[in-house]
Amino acid sequence: MSTPYIDVYVEGTPVPQGSLRASRQGHLYYSNAKKLTPWRNAMTDAVQDALPSDHEPIDVGVFVQMEFYFPRPKTVTREQKLTAPDTDKLARAVHDALTNADLYTDDSRVVGFMARKHYSDDEHPPGVRIRVWED
């Protein structure tokens, strides 16, 4: 692949974006909004900071790569993170952050993406590495 349009690392424990719920009054909300909102805002800010100064929202197809890093519990020795959260729910939060950052004109511009979960290490603290290429 060529050089990505953006390549950012956002530190913090990744938070999934699950399904919306309705309150008794009919208002929609995410059940984990107290953790999700700051995480999504951190990603949005990092993406906006990484954009070129002459950036216009991308109006062509893009490919998004997401590498999520989580703290390894002391008792876990396996290489892969096989437990919650689901990668699709983690990816939803990233896609919303990219939309909020005005990276592209519409999230329908995402023609493909790859998401992986890992345990953090000395090189990768808890967080997410987001790379985006024009396709």
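See the structure printed just above.
In short, a report on the structure. Remember, it's a predicted structure, so these values are computed and weren't measured experimentally.

## A closer look at the sheet that holds strand 4 (residues 62-70)
Part 1: If you walk across this open sheet you meet the four strands as 1-6-4-5, and the pairing is mixed. The sheet is open, and its two borders are formed by strand 1 (6-11) and strand 5 (110-119), each paired with just one other strand. Within this sheet the neighbouring strands show an average axis-to-axis angle of 10 degrees, counted without direction.
Part 2: As paired strands, strand 1 and strand 6 (residues 127-134) are joined by six bridges and run antiparallel to one another. Following the sheet pairing, Glu-11 is matched in strand 6 by Gly-127.
Part 3: Relative to the sheet, helix 1 (residues 33-50) contacts strand 1 and strand 6, its axis offset from that of strand 1 by approximately 145 degrees.

## A short note on the packing of aromatic side chains
Part 1: All told, the structure shown has two aromatic pairs when counted by the stated rule.
Part 2: Residues Phe-63 and Trp-133 carry aromatic rings whose centres are separated by 6.2 Å and whose planes lie at 45 degrees to one another, so their mutual orientation is tilted. You can see Phe-63 sitting in strand 4 and its partner Trp-133 sitting in strand 6, a full 70 residues away along the chain.
Part 3: The side chain of Lys-81 reaches across the aromatic face of Phe-70, ending 4.9 Å from its centre.

## Comments concerning unusual backbone geometry
Part 1: Residues Ala-84 and Pro-85 are joined by a peptide bond in cis, for which omega reads 10 degrees.
Part 2: Inspection of the secondary structure puts Pro-85 in the loop between strand 4 and helix 2 (87-100).
Part 3: With a phi angle near 60 degrees, Asp-102 is a residue other than glycine that sits in the positive phi range.
Part 4: One can find Asp-102 in the loop between helix 2 and strand 5.
Part 5: A residue is classified by how much of its surface remains accessible, and Asp-102, at 46% relative accessible area, is partly exposed.

## Section: helix 1
An α-helical segment advances 3.6 residues per turn. Residues three or four places apart therefore align on the same side.
Part 1: Compared with an ideal rise of 1.5 Å per residue, which puts 18 residues at 26 Å, helix 1 spans 25 Å between its outermost C-alpha atoms and is within 8% of the ideal.
Part 2: Along helix 1, the residues classified as buried are Leu-36, Trp-39, Arg-40, Met-43, Thr-44, Ala-46 and Val-47. For helix 1, the buried positions fall inside an angular range of 165 degrees around the axis, keeping them on one side. Of the residues in helix 1, the exposed ones pointing more than 90 degrees away from the buried face are Lys-34 and Asp-49.
Part 3: Of the surrounding secondary structure, the elements contacted by the buried residues of helix 1 are strand 1, strand 3 (28-30), helix 2 and strand 6.

Parameters at a glance
- Every residue gets a number counted from 1 within its own chain, in the order that chain's sequence is written.
- Where totals are concerned, whole chains, interfaces and linings use all residues; where local detail is concerned, this predicted model gives features only for residues with pLDDT of at least 70, and gives and counts side-chain atom pairs only at 80 or more.
- Hydrogen atoms and water are omitted, and side-chain values are computed over all heavy atoms in the structure.
- Any two strands with at least two DSSP bridges between them are considered paired.
- Segments assigned H or I by DSSP are reported as helices when at least four residues long, segments assigned E as strands when at least two residues long, and all are numbered from the N terminus.
- A fitted line through C-alpha atoms serves as each axis, taken over the contacting stretch for helices, and the angle formed by two N-to-C directions is quoted from 0 to 180°.
- Contact definition: two residues touch when any of their heavy atoms are within 4.5 Å.
- Ring geometry is summarised as follows: Phe, Tyr and Trp rings, the Trp one being its six-membered ring, pair when their centres sit within 6.5 Å, and such pairs are stacked at plane angles under 30 degrees, edge-to-face over 60 and tilted between the two.
- Only when the NZ atom of a Lys or the CZ atom of an Arg is both within 6 Å of the ring centre and within 35 degrees of the ring normal do we say a charge sits over the ring.
- Classification of residues uses two cut-offs on accessible area relative to the type maximum, computed with a 1.4 Å probe and protein chains only: under 20% is buried, over 50% is exposed, and between them is partly exposed.
- Here the expected span of a helix is defined as 1.5 Å times the quantity of residues minus one.
- Comment: arc refers to directions from the helix axis out to C-beta atoms.

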